[in-house]
Amino acid sequence: MKIEQLRDQIRYHAHRYHVLDTPEISDADYDALVRDLIAVETEHPELITADSPTQRVGAVPSDLFGAVTHRERMFSLDNVESTTELEAWDERAARQLGRNPSGYVCELKIDGLAVSLTYEDGVLSRAATRGDGTTGEDITANVRTIEAVPLRLFGDVPQVLEARGEIYLPIDAFDDLNASQLDTGRKVFANPRNAAAGSVRQKDPTVTASRDLSIWVYQLGFVQGGPDFEYHWETMEYLASLGFRTNPASELVADLAAVERYVADIETARHRLKYQTDGVVIKIDDLAEQAELGFTAKAPRWAIAYKFPPEEQITTLVGIEVGVGRTGRVTPFAVLDPVFVGGVTVTNATLHNEDEVHRKDVRIGDRVIVRRAGEVIPEVVGPIISSRDGTETVWHMPENCPFCGNPIILPEGEKVARCTGGLECPSRLREWLAHFVGRSGMDIEGMGYKTIDLLITEGLARDPADIFFLEPAALLGREGWGDLSVSKLMSGIDEARHRPVARLLIGLGIRHVGGTVARVLARTFRSVDALVGASEDEISSIDGIGPTIAASVRSWALSAETPPLIEKFRRGGVRLADEEPEAATGDLLAGVTLVITGTLAGFSRDESKAAVEERGGKVTGSVSGRTTAVVAGESPGGSKMTKAADLNVPIADEALFVRLLDEGPPALDS
């Protein structure tokens, strides 16, 4: 089904981009996928689910640092790519306001890592990444090493202040860093954005300190005990007065015509800047108008990102190869004569699937146009037909997988070819194991790709269950594996044995089963055995589980690989059943008052209210200063979200709501 295929693609690429910092497609291609999904969901709103990528902000935090819950949600921005789309955004805002916006602030969209900086009595107390918008990563130790980030503010400081900005690597510093990487035989970074993200996510702060990172602060997120403001421009002047680095290229303009002139001027001048920018952020200046416009589920209505068109170059396509992912998906990619595009040297480019290769009529040996769309990941736009001399060859998907030799098939009605080798395919096994041990799955610390490659090469892991039979002697004495590292890995594996059933279901990588669906299934069936024994009708009858998901889960249950894999998990001591919930959970949520808005995938309105009340909490219909948190599901009420923002009431998504039911109020502080 198209909508589920789109969601799978978007989730995969969002994870690669936001969590792993190793994107595989361009920003333009990713934006196109999201636009396609929005179009389908707009036409068929009954198909919208709470775990749809359109209902969330971004990806979950990585597992390198502690989790931080933001005081106020860090939303992402919607994008436009033309003046026509920009004008349409402005017209929507004017209709909602009943008048034209009173002014705009234009700011450069910096290509770096979004962060939140919290100061208590003027002293930096915490720095965090945006993460999924609600929960980020604690990177305080590393950010303290960046000289452009003030450790203490100037002047009359408020009790608490949160500022938001973009940490970036200047182009000269990026070039110096890559030169150093080459000199020492290490991998070079693809672009300044990845370099900045990688530099901040270092376990050793001295590594971060050695790289010439900087920051532009672009938003006042929260202030307690400080002055009141009427305009965004005033907040930026205030932040600058406190010692924050604000971008002098920002401008306050009166009307949309001035906005369009600013965009045109910056697009012309951007290559003369000493840092990378991929667009302009336009914000309505009046804070009262911002509050009136409010937010969608993922972005403010009062701001928009105008993305610059991609850059293109011409080079030779010297070959086409394929990669195989954890689901068996076979994806072709172009091998190119190295070409400098958008500030980096490009050697590979995405080709998506075989249909796309033939639709574009791309042939091996062609001179091709390569676009580094969004200045992130390159793609082949198409061939230069007039340059052909007859030596070019048409490419076809190989009949057999280059990694395992098993047949590659194209399932009926699909565009994505798949390897049939199952776990015999080392590429598929590698990606599956990486997904299984990742934070959203079984969260096994110390088991990255390097360890996974070792386990596969040595025949120690032929499926995820083999991880739970790993013995210390198999690793001790190998390069990089001493007593401490082996002990740490064994502890991580032992901890994973006790993860809830939902985490195991996520790690198993069942098609269409993400975090929300996995929790719904685990809460309904309580055990893996019960889920395997459930009929398709029983599964599809669950609120929030549609026929596509039910069919996929049943297909997994009936697979010949599933029963022996589950039995191996059982022998390995892995938890396969959750405890039955107690009839009453006492006063876990005593004193907690929640407002629930929108539709939750795993609960009906009555079920969610009952779950809170049986734990001693209270559910009300309106947001006030006594509200502990607003639980926002699919299509939340705009007035409630706005009121929550005005009163600094935390906003919890469904995943955090589930944790709140399990853990009580501390879940809101973690």
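In what follows, the structure referred to is the one given above.
These lines cover the structure that appears in this document, whether it is placed above or below. (Residues numbered from 1 in each chain as written. Predicted model: local features only at pLDDT ≥ 70, side-chain atom pairs only at ≥ 80, totals over all residues. Heavy atoms only, no water.)

## Quick word on the pairing of strand β3 (residues 104–110)
- Here β3 lies mainly inside the structure; six of its seven residues are buried.
- Relative to strand β9 (residues 251–253), β3 is paired through three bridges, and the arrangement is antiparallel. Within β9, the residue paired with Val105 across the bridge is Leu252.
- Judged from the seven bridges that link them, β3 and strand β10 (residues 277–284) form a sheet pairing that is antiparallel. Bridge assignment links Glu107 to a residue of β10, and that residue is Val281. (Buried < 20%, exposed > 50% of the residue type's maximum accessible area, 1.4 Å probe, protein only. Helix = DSSP H or I, 4+ residues; strand = E, 2+ residues; numbered from the N terminus. Pairing = 2+ DSSP bridges.)

## Here's the deal with the side chain of Asp285
- Residue placement: Asp285 occurs in the loop between β10 and α10 (287–293).
- Despite its burial, Asp285 remains without a salt bridge, the nearest opposite charge being carried by Lys283 at 9.3 Å.
- Here Asp285 is in contact with Gly103, Tyr104, Val105, Glu230, Tyr231, His232, Trp233, Leu252 and Gln290, once residues within four sequence places are set aside. (Lys, Arg positive; Asp, Glu negative; His and termini not counted. Salt bridge = Lys/Arg side-chain N within 4 Å of Asp/Glu carboxyl O. Contact = heavy atoms within 4.5 Å.)

## So, the packing of aromatic side chains
- Applying the stated criterion across every chain, the model contains ten aromatic pairs.
- For the ring pair Phe436 and Phe468, a centre distance of 6.3 Å and an interplane angle of 80° mean the geometry is edge-to-face. With a gap of 32 residues between them, Phe436 in helix α12 (residues 426–437) and Phe468 in the loop between α13 (449–457) and α14 (483–496) connect regions that are remote in the sequence.
- Plain terms: the ring middles of Phe468 and Phe569 are 6.1 Å apart, the flat faces sit at 65° to each other, and that makes the pair edge-to-face. Here Phe468, found in the loop between α13 and α14, pairs with Phe569, found in helix α20 (residues 562–571); they are 101 residues apart in sequence, far enough to count as distant. Take Phe468 and Phe569: they sit in the same class, and that class is buried.
- Members of the aromatic cluster, connected to one another through ring pairs, are Phe75, Phe295 and Trp302. (Phe/Tyr/Trp six-rings, centres within 6.5 Å; stacked < 30°, edge-to-face > 60°.)

## Regarding the packing of α12 against helix α15 (residues 501–508)
- Following both chains from N to C, one finds α12 and α15 inclined at 160°, their axes separated by 8 Å at the closest point. If you check the angle between α12 and α15, you find them roughly antiparallel. Every pair of crossing elements has a handedness; the one defined by α12 and α15 is right-handed. Of the residues in α15, those in contact with Trp432, His435 and Phe436 of α12 are Leu504, Ile506, Gly507 and Leu508.
- For the contact of α12 with α15, the per-class residue count stands at five nonpolar, two polar and no charged. (Axes fitted to C-alpha atoms, helices over the stretch in contact; angles between N-to-C directions. Parallel < 35°, antiparallel > 145°, perpendicular 65-115°, else oblique. Left-handed = near helix turned anticlockwise from the far one by under 90°. Nonpolar A, V, L, I, M, F, W, Y, C, P; charged D, E, K, R; others polar.)

## Quick notes on the packing of helix α3 (residues 83–97) against helix α9 (residues 256–269)
- Closest axis-to-axis distance for the α3/α9 pair is 11 Å, and the angle between their directions is 145°. Between α3 and α9 the crossing geometry is right-handed. Packed against α3, whose contacting residues are Thr83, Leu86, Glu87 and Asp90, the element α9 presents Leu256, Val259 and Glu260 at the interface.
- Of the residues belonging to the contact of α3 with α9, the class tally is three nonpolar, one polar and three charged.

## Observations regarding α20
- What α20 keeps buried is the set Thr562, Leu565, Ile566, Lys568 and Phe569. One face of α20 carries all of its buried residues, which in axial projection span an arc of 160°.
- For α20, the elements touching its buried residues are α12, α15, α17 (528–533) and α19 (547–558).
- Gly573 sits one or two residues past α20 and shows a positive phi near 80°. (Arc of directions from axis to C-beta.)

## A word on the environment of Glu91
- Mapped onto the secondary structure, Glu91 falls in helix α3.
- Spatially, the C-alpha atoms of Glu91 and Pro101 are 9.6 Å apart, while their sequence positions differ by ten residues.

## A few points about the pairing of strand β21 (residues 593–597)
- A large share of β21 lies buried, amounting to five of its five residues.
- Residues Thr593, Val595 and Thr597 of β21 are buried on one face, and the alternating residues Leu594 and Ile596, pointing to the opposite face, are buried as well.

Any functional reading would require information beyond the geometric quantities listed.
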